[in-house]
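# Examining the three-dimensional arrangement
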Amino acid sequence: MGCVTTTTTVHRRRVLGIVSSAFTEKNLIGKTRRKELKVATMHERLLKMEFGDAFTVLLGGFGTLEELFQIVSWAQLNIHQKTYRCAKC
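Below: a short report on this structure. Just so you know, these numbers come straight off a predicted model, no measurement behind them.

What follows covers the overall build of the chain. Broken down by element type, the chain carries four helices and four strands. Reading the chain from its N end, one meets helices and strands in the order α-β-α-β-α-β-α-β. When each of the 89 residues of the chain is scored for burial, the buried share is 25%. Contacts spanning at least 24 positions in sequence make up 47% of the contacts within the chain whose residues lie at least 6 apart. With an accessible surface of roughly 6,700 Å², the chain has 55% of that area assigned to carbon and sulfur atoms.

Have a look at this one:
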């Protein structure tokens, strides 16, 4: 997450990390290097993602795939026309 946020902020763009309590409990917060919004559940995290201007998906597990499919589904249903990319860091 750090490499993406650093590059994004160098190009004068804003970054918001949406972190669920599951990540907080495992001490995985603070990796975005920018503003973080802490939410209670993964479902709430997914709902907050609609506020993004674009989506960057990093390598991850099943939760990452779920979020990617949700973003792609929203695009197919014309719920959003935002950019989404997969990145390898």
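Here we come to the pattern of salt bridges. Applying the stated criterion across every chain yields a total of one salt bridge. In this structure, the salt-bridge partner of arginine 45 is glutamate 67, at a minimum N-O distance of 2.2 Å. Of this pair, arginine 45 sits in helix H3 (residues 42-48) while glutamate 67 sits in helix H4 (residues 62-76), and the two are 22 residues apart along the sequence. For the pair arginine 45 and glutamate 67, one class covers both residues: buried.

Turning next to the nonpolar core. What tends to happen in soluble globular proteins is that the nonpolar side chains get buried as a cluster. Counting residues in each nonpolar core, the largest one holds six residues, listed as Ile18, Val39, Leu46, Met49, Phe55 and Ile71. Once you skip the residues sitting within four places of it in the chain, leucine 46 turns out to touch Glu67, Gln70 and Trp74.

Moving on: the side chain of serine 20. Checked against the element boundaries, serine 20 lands in strand E1 (residues 16-20). Residues in contact with serine 20, not counting those within four places in the same chain, are Val39, Thr41, Met42 and Arg45.

The rules behind the values
- Residues numbered from 1 in each chain as written.
- Predicted model: local features only at pLDDT ≥ 70, side-chain atom pairs only at ≥ 80, totals over all residues.
- Heavy atoms only, no water.
- Helix = DSSP H or I, 4+ residues; strand = E, 2+ residues; numbered from the N terminus.
- Buried < 20%, exposed > 50% of the residue type's maximum accessible area, 1.4 Å probe, protein only.
- Contact = heavy atoms within 4.5 Å.
- Areas by Shrake-Rupley, 256 points an atom, 1.4 Å probe, with all protein chains shown as cover.
- Salt bridge = Lys/Arg side-chain N within 4 Å of Asp/Glu carboxyl O.
- Core = buried A, V, L, I, M, F, W, Y, C linked by side-chain atoms within 4.5 Å.

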